[in-house]
Amino acid sequence: MPHSFEPRILREYDIRGVVDKTLHIADARALGHAFGTIVSRAGGKHVMVGYDGRTHSPEFEASLVEGLIATGMKVERIGLGPTPMLYFSVYERKADAGIMVTGSHNPGDQNGFKMMLAKHLTGGGPVYGDAIKKLAAMAARDDFVSGLGTAERIDIRDAYVLRLLKDYTSPRPLKVVWDCGNGAAGEIARRLIAKLPGEHTLLFDEIDGRFPNHHPDPTVAENLRDLQKAVKEKGADLGIGFDGDADRIGAVDQQGRIVAGDQLLAIYASEILASHKGASIIADVKASQTLFDQVASYGGVPVMWKTGHSLIKAKMAETKSPLAGEMSGHIFFADKYYGFDDAIYAGIRLLSIVGTSGKSLAAWRDAMPPTVNTPEVRFAVDEARKFKVVEEVRARLQKSGATVNDIDGVRVSTEDGWWLLRASNTQAVLVGRAEAKDEAGLNRLKGQLVAQVKASGLTPPAF
């Protein structure tokens, strides 16, 4: 039977919507049909499925599995856990594909799906962009294969924890606070710290899709307050936080200061470029100019690319980059790991660098060139309008002769620094950010951004 998806849930690099409003259980079964068909026609048959801690995720997972089985897939269900554990399971079990039921860092009333095809299949890698549109078009045409598949529950948690620990190299034990945010990382975090040396404190490790303590998004400073407080009270070396499905990392140093995603990427780059001279290091358009300069100073080739975990992973495969990252805390390691975004693994690598280098995380942070910048400022814009606003701003800037990088939105460079305006691919918002050498320059950049937003008839963000 043909099935129509609400167009708004077909995002650039995943499917995501509000449960029982734009996203329904029937969507999960239709997606299973379409995705199983894609896998089958590519010569595959083995699909891994997992789900996060949201209250409705088990029901969506069950419906998804029904659809996959109806296309003849062999489905292995890994159960509740973080998204990177699902990615890991595809490699560990030598499967052909994987789907994760997750709303990621979005509010508890939302859910969705992240998908990947194994590299040995034609078109292997993350499923995004036109591939997601293709799935929807297949469902609308009832263009599915039929078969009699199977489903089996397996437990991959211990294997995943052992793989995480494989690259832990710190010669000294550390005192660490881990904030799981009631997200999907909780059970894995408990198993992990039981095997790690040092003193470890878990915050909000009970998996609860209502997120009763704070929203699971470590890019928002307010969501790191509990972690900052605990680090200072415990006298910890550092603190690590996760988003709802644990593919994004947040970090604070022993003084309770936030270490931003691009700052973390610079720390990781210093280690990786020591053994991968001349390698490309990828960061998204929201990253600080100091990061790109530091990568070059370490002997690497800095590459600025579009925001979005699937887009970054695809660019990594194209450039054979050993490391990439986003301001949002998605960090991708391909030097020793698999090239997907795994916040728990990123935490292990951070502990290893701090423990091995003999430098505190605060010392790493203080060694970075000083800048003044805004956080990511998000403001609501109608879904149908957000990309048009960016196009209007781009046209005005190009007409005025401004220096514009339009690889993802508009990133405008001036003598003061730079400012960015881009449309989010996951929410009905525009995102703004600015960075300068001093406060006066930052104010001028913010003024330019605000003026452009006003020129498109919108209320500007409050910086």
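Above this text sits the structure in question.
About the cut-offs
- Residues numbered from 1 in each chain as written.
- Predicted model: local features only at pLDDT ≥ 70, side-chain atom pairs only at ≥ 80, totals over all residues.
- Heavy atoms only, no water.
- Buried < 20%, exposed > 50% of the residue type's maximum accessible area, 1.4 Å probe, protein only.
- Helix = DSSP H or I, 4+ residues; strand = E, 2+ residues; numbered from the N terminus.
- Pairing = 2+ DSSP bridges.
- 1 Å grid on protein atoms, 1.4 Å probe; cavity = no way out; pocket = protein on both sides within 12 Å on 5 of 7 lines; lining within 4 Å.
- Points joined across faces, edges and corners; volume = space filled by probe spheres on them.
- Nonpolar A, V, L, I, M, F, W, Y, C, P; charged D, E, K, R; others polar.

(A) Spatial organisation of the pairing of strand S22 (residues 429-436). Counted residue by residue, S22 has 8 buried out of 8 residues, so it is predominantly covered. Burial of the side chains of S22 extends over both faces: Val-429, Val-431, Arg-433 and Glu-435 are buried on one face and Leu-430, Gly-432, Ala-434 and Ala-436 on the other. Of the pairings in the sheet, the one linking strand S18 (residues 377-380) to S22 comprises 4 bridges and is antiparallel in character. Residue pairing across strands places Phe-379 opposite Leu-430, the latter belonging to S22. The antiparallel pairing of strand S21 (residues 417-423) with S22 creates a hairpin that spans 5 residues between the two strands.

(B) Inspection of the layout of surface pockets at higher detail. Of the volumes computed, that of the largest pocket is approximately 910 Å³. As for the largest pocket, its lining consists of 42 residues, and the residues nearest its centre are Thr-219, Ile-258, Ala-260, Met-327 and Pro-375. Contributing elements (two or more residues each) for the lining of the largest pocket: strand S11 (249-253), strand S12 (258-259), helix H8 (261-275), helix H9 (289-297), helix H12 (361-366) and S22. Sorting elements by how many residues they give to the lining of the largest pocket places H8 first, with 5 residues. Of the residues that constitute the lining of the largest pocket, the class distribution is 18 nonpolar, 16 polar and 8 charged. As a volume, the second largest pocket reaches approximately 660 Å³. Lining the second largest pocket we find 34 residues, and of these Leu-117, Gly-123, Gly-124, Gly-125 and Pro-126 sit closest to its centre. Residue assignment for the lining of the second largest pocket shows that the elements contributing at least two residues are helix H1 (25-41), helix H3 (83-92), strand S5 (110-117), strand S6 (125-126), helix H4 (130-141) and helix H10 (309-319). Residue composition of the lining of the second largest pocket, grouped by class: 20 nonpolar, 7 polar and 7 charged.

Just distances and angles here, no functional claims.
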